[in-house]
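# Reading the structure
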Amino acid sequence: MNQTVILKKRIALLLAGLMVLAGASCKRSSKSPNSSTEGRYGYRYVEWEVPLKEGYIIGRNRIFYDGEAYCVAVGYAKTDEKIAGEQFITDIYSVNEDGELTYTLEIATPQIPNMVKDDTFAFIGSSKEDMAASQDGSELSTYAVFVDRKNGLEKKAIPTDYQATDIVQLESGFAITGFHTIELYDENYQRTARIDAKDVTFKHDHAIIEENGQYFAVVETQEESEFYALDFATGKVTKKASAYDIDGGLRNQEGKYYFNRDAEYKIDLLNMQTKKLADFSEINVRPAKKPSFSPEYIPLDDEHFARKYDYFDGTKEILFFQYDSSIEYTSREKITIGGFGGSNAALEWAIYLFNIENDEYRAVYVDFSDEFGWHTPQDAQMQTVRMIKYFQEGNAPDIFYGQVFDYNYMGRSRMVIDMLPYMENDVEFSFDDFSPSIASLLSKDGHCYQVFGSYWLNGYRGEVEYFGENPDITLSDMDQKAEELEIPAVSMATPGDIVAEAIMYDFPSFWASQKADPAAAKANLQSMITIALKHGITEQNRGGGAESLLDIYSVGSIRSLQDEGLSNRTRYAYMGFPSLTGSVHVLNSESLVAISTSSKHPEVCWQLIRQMFSDEVQKMVVAGGRIPVKEKWVEEMCACAMDPARRTIPEWTGLYSDDYEATPEEVEDFRRAIRSVDAICAYDWRLFNIIVDEMQSFYSQNRSVEQIAASLYERLNVYYDENYG
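Turning our attention to the packing of aromatic side chains. Evaluated as defined, the whole model comprises 56 aromatic pairs. Ring centres 5.3 Å apart and planes at 90° place the aromatic pair F431 and F434 in the edge-to-face group. Residue F431 is classed as buried on the basis of its relative accessible area, which comes to 17%. Overall, the relative accessible area of 3% leaves F434 in the buried class. Between F507 and Y720, the ring centres sit 6.1 Å apart and the planes meet at 65°, which makes this aromatic pair edge-to-face. Of the two residues, F507 sits in helix α11 (residues 507-512) while Y720 sits in helix α19 (residues 705-723), which places them 213 residues apart along the sequence. Taken together, the ring pairs connect Y43, Y45, F259, F280, Y297, F305, F321 and Y323 into an aromatic cluster. Above the plane of the ring of Y572 lies R461, whose end atom (NZ or CZ) is 3.7 Å from the centre. The side chain of R626 reaches across the aromatic face of W456, ending 4.3 Å from its centre.

Here it is in structure tokens:
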């Protein structure tokens, strides 16, 4: 790594009085981009952590590629008591294609460069005098300021008579853009053309696209982005296309590039076509190492892009991807994993590790959201029927993924395999390593149709003071306690929700116990319906919330179960969902998977799934805010929660604040919650619709509780016989 060059030069910039403290250069390459990248999906990446500065927090940042190195501009801020305000510094780092830091330019300003071109950084800024005189910033006169990358000295400052928002590099020269104005400049900083469009608002960043000498603008509307053709000779601005005309709507669009769930694309507005630059199923994209906000893809040029992770502890990490023609995965046999939306940490890490360690097979994710997505439970029921038919026609993935599917039902229907034989023959796998309740839940009834690597607990939490340490309550218990304490029973649950939650999560066992005595079953339903109508939230009854007896809560850690107050904090116990004879303790798993009976390689599928139980992945599960299935990592979670000195795992930075220490009682409450689980959540929309439809008839048809209970009994009986009889 080259030594960072330290300079101290004072310069008279118009960017709020910038002061250069350290200077350097990002090198310019003579390489020309390849004009055709269709089908070229082999990429390699390097990892780079954004440096921390003592006393500062990391703020805004922007990434460029100059042809040879990545340039990362990072804003830092800290509170300065001497000036009773904040102090800002922007560092512009140069990182080579091996991930090595080569140069750093440090500027005392909150501004981030808008453009990196040749030997120049370009900023949008205002003078200190204008900033001091402006009340709200709306009348600021702005400048495009160009700085020498080698020594930090100002090269050029171009004043504008509008509020400039961005500087964009073009094939020849650059453009300065504003909300309603775009100006073109040549390499010598001479303006060559200008267009004003008062009826449209250009995008704040990357507003202009150049295609073979023709210009297009990205326009922001309330609903979507739109693309307009620019005629600088006549001043006309003509709509060319909307975002929905291109690939059904653009995501993460920046200029002529955009990303969807599975690939990076380039827009060709001349021909209204898109070109795929990077197929993520053919690229090893390493998941986040710590608890993270949604990752962000950033286009750089036709052969480079970046993925940025913003972590909850305030740190940032960037993965730089570069096309590499020597990488080729398309010849490997695919193991398809089909589900809805993005996967979670356990499955993402399992796929990643499988793909980097296996040179014969490659796991790829297949998203069914576009073809079989829904917006309502009724849509879900219809789409599920369509999807099952689609699978039965030979289109099933090798591995099913997600909670949309009822894997126990699919196992009985011979759609997914029993994984117990693979587990029993695998010397690297043992249910003894799992939390006992999870092992029992997965292997009960002598088969194992589904497994998962992470989970959280779904249901209500209630105060230990009211329910004790081992709560297992019925709906009647809930009703009586709410009456006794004179507070609402539940928070944010409709009558239909309360009955559905009591019935559907353990429906086979629940209904099997009811079928023997129809009269008693109808009486039980009447009791459940009466309590649900009494305590469920409607437009006329908006009770609940923080003061309710039971709070709906997702429990993924000790802190999410317990009150996060500092002193005298309330102890909570995990309640599950109150039902007829006790609580149903439901776990949700984003990584729920099953192996299709139609897979040609079930043993390879098991090798992939088993990665979720590796120590490396289980450690990442905790980092992602979920509960691991392996007991030793649960215990490490507990130890770290109680003892800050144990918090040495880098990936767990930020899980707990420095002053947080769980009490032994809170940790034991968490352990009890894990030991209590007895059901795996599967979203059975047909069953849900039956229950909610009947409950809604109380309002829509003015039916009595007795009528609802009688018809609900008949419909549940038919449903049970069709699916479980």
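It is worth spelling out helix α15 (residues 615-623) at this point. Because an α-helix packs 3.6 residues into every turn, residues spaced three or four apart end up facing the same way. Those residues of α15 that sit buried are V617, Q618, M620, V621, V622 and A623. Looking at the buried residues of α15, the elements they touch are α2 (345-357), β29 (454-463), β35 (627-628) and α16 (631-642). Of the residues flanking the end of α15, it is G625, one or two places downstream, whose phi is positive at about 80°.

Strand order across the open sheet formed by four strands is β11-β12-β13-β14, with antiparallel pairing between neighbours. The sheet terminates laterally at β11 (164-169) and β14 (191-196), the two strands that pair on one side only. Taking the axes of each pair of neighbouring strands and ignoring which way they run, one obtains an average angle of 15° across the sheet. The pairing of strand β13 (residues 181-185) with β14 spans five bridges and is antiparallel. Within β14, the residue paired with E183 across the bridge is R194.

Turning our eyes to something else, we now look at empty space enclosed by the protein. In the structure shown here, the tally under the stated rule is one cavity of 30 Å³ or more. Approximately 30 Å³ is the volume found for the largest cavity. As for the largest cavity, its lining consists of Y460, M478, V490, I498, E501, F577 and P578. Broken down by class, the residue content of the lining of the largest cavity amounts to six nonpolar, no polar and one charged.

On the secondary structure map, F312 appears in the loop between β24 (304-310) and β25 (316-323). Sequence separation between F312 and S292 is 20 residues; the distance between their C-alpha atoms is 5.5 Å. Excluding residues that lie within four positions of it along the chain, F312 makes contacts with P291, S292 and F293.

All right, on to the nonpolar core then. I609 and F670 are the most contacted members of the largest nonpolar core, which has 84 residues in total. The element contributing the most residues to this core is α2, with eight residues. Here F670 is in contact with V555, S557, I558, L561, I627, V634, M637 and C638, once residues within four sequence places are set aside. Listed in part, the 50 residues of the second largest apolar core include F510, I529, A679 and C681.

The next subject is the sheet that holds strand β20 (residues 257-259). Hydrogen bonding along the main chain pairs the strands of a sheet, whether they run parallel or antiparallel. Pairing in this open sheet of four strands is antiparallel, and the strands run β19-β20-β21-β22 from one edge to the other. Across the chains shown, the open sheet's two edge strands, defined by having one partner strand only, are β19 (251-254) and β22 (273-279). Direction aside, the axes of adjacent strands within the sheet are offset by 25° on average. Note: β20 against strand β21 (residues 263-268), three bridges, orientation antiparallel. Bridge pairing links F259 to E264 in β21.

Let us look at a negative patch on the surface. A cluster of acidic side chains, namely D643, D658, D659 and E661, defines a negative patch on the protein surface. You can see E661 is positioned in the loop between α16 and α17 (664-675). Judged by relative accessible area, which is 45%, E661 ranks as partly exposed.

Parameters and conventions
- Residues numbered from 1 in each chain as written.
- Predicted model: local features only at pLDDT ≥ 70, side-chain atom pairs only at ≥ 80, totals over all residues.
- Heavy atoms only, no water.
- Phe/Tyr/Trp six-rings, centres within 6.5 Å; stacked < 30°, edge-to-face > 60°.
- Buried < 20%, exposed > 50% of the residue type's maximum accessible area, 1.4 Å probe, protein only.
- Helix = DSSP H or I, 4+ residues; strand = E, 2+ residues; numbered from the N terminus.
- Lys NZ or Arg CZ within 6 Å of the ring centre and 35° of its normal.
- Contact = heavy atoms within 4.5 Å.
- Pairing = 2+ DSSP bridges.
- Axes fitted to C-alpha atoms, helices over the stretch in contact; angles between N-to-C directions.
- 1 Å grid on protein atoms, 1.4 Å probe; cavity = no way out; pocket = protein on both sides within 12 Å on 5 of 7 lines; lining within 4 Å.
- Points joined across faces, edges and corners; volume = space filled by probe spheres on them.
- Nonpolar A, V, L, I, M, F, W, Y, C, P; charged D, E, K, R; others polar.
- Core = buried A, V, L, I, M, F, W, Y, C linked by side-chain atoms within 4.5 Å.
- Patch = residues over 30% accessible without salt bridge, like charges linked within 9 Å, V, L, I, M, F, W, Y side chains within 5 Å.
- Areas by Shrake-Rupley, 256 points an atom, 1.4 Å probe, with all protein chains shown as cover.
- Salt bridge = Lys/Arg side-chain N within 4 Å of Asp/Glu carboxyl O.
- Lys, Arg positive; Asp, Glu negative; His and termini not counted.
- Charge placed at Lys NZ, Arg CZ, Asp CG, Glu CD.

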